Amino acid sequence: ILPACDRGEVGDASLAVETWRDGASARDAPVQAARVMFFPVLAAAGTTMAAFFPILSLTGSIGQIIDALPVVMIVALTASLLECFLVLPMHLRGALARLDRGESSDRPRPAVLQAALDRFQDRFDHFRDTRVRPAVAFCFRRRYSTLLAWLCMFWIALTLMRTGWVGFEFFAQPETDMVFGNFAL
């Protein structure tokens, strides 16, 4: 549940820090980030909620077993959205203001851990700059071809499911009317 709920908060926080690093004030950076991220995060949470709504319509014993799951997910995502856009920007505002004043809330890290974190950050930055950014730039330069390729792959996936080449069964039923199990303590 946590990864589904936290994705908006992580994106909002990282964009606020990047905006602050680019010269925005500690007061304005979280608000700018919340404005930029509002619709993408809302769409992501909304599609996840939409994926869980059909589970509410399940009936029978399976419906009784998992009826709490979609309710918990929808409530958790709603709470996460509220936290992401109402609470988090104010926390970030305070944290960035402390950094502007030169205060640090970080405890000193052991040298080995700091070296490992620095090495990871360097490798991550290298991967992002040499692999991901060129791929994204390529897709943006050829946006219509990229969209067409995505639509074709989506159509192929739907065709494979409709023709039976790839099967889908929401809940597999046992092959017989009786299920046997041995339990030992």
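Residues numbered from 1 in each chain as written. Predicted model: local features only at pLDDT ≥ 70, side-chain atom pairs only at ≥ 80, totals over all residues. Heavy atoms only, no water.

> Honestly, helix α2 (residues 29-52) in this entry has me stumped. Any pointers?
Note: α-helices contain 3.6 residues per turn, so residues at a spacing of three or four share the same orientation. Compared with the 34 Å implied by 1.5 Å per residue over 24 residues, the 33 Å span of α2 between its first and last C-alpha is a close match. At Met37, α2 is deflected by roughly 45°, the largest bend along its length, and proline Pro40 occurs up to four residues later in sequence. By the burial criterion, the buried members of α2 are Ala29, Pro30, Ala33, Ala34, Met37, Val41, Ala45, Thr48, Met49 and Phe52. (Helix = DSSP H or I, 4+ residues; strand = E, 2+ residues; numbered from the N terminus. Expected span 1.5 Å × (residues − 1). Bend = angle between axes of the 7 residues up to and from the residue. Buried < 20%, exposed > 50% of the residue type's maximum accessible area, 1.4 Å probe, protein only.)

> Got a minute to help me understand the environment of His91 in this structure?
Structurally, His91 is set in helix α4 (residues 68-100). Judged by relative accessible area, which is 53%, His91 ranks as exposed. For His91 and Pro30, which are 61 residues apart along the polypeptide, the C-alpha to C-alpha distance reads 8.9 Å.

> Just checking my understanding: could you explain helix α6 (residues 143-163) for this structure?
The end-to-end C-alpha distance of α6, which contains 21 residues, comes to 30 Å, matching closely the 30 Å that a straight helix rising 1.5 Å per residue would cover. Just beyond α6, the residue with positive phi is Gly164, at close to 90°.

> Mind showing me how you'd approach the nonpolar core here?
Soluble globular proteins tend to pack their nonpolar side chains together in the buried interior. Counting residues in each nonpolar core, the largest one holds 13 residues, and the members touching the most others are Val41, Met49, Phe52, Met73, Leu77, Leu81 and Phe85. Only α2 and α4 provide two or more residues apiece to this core. (Core = buried A, V, L, I, M, F, W, Y, C linked by side-chain atoms within 4.5 Å.)

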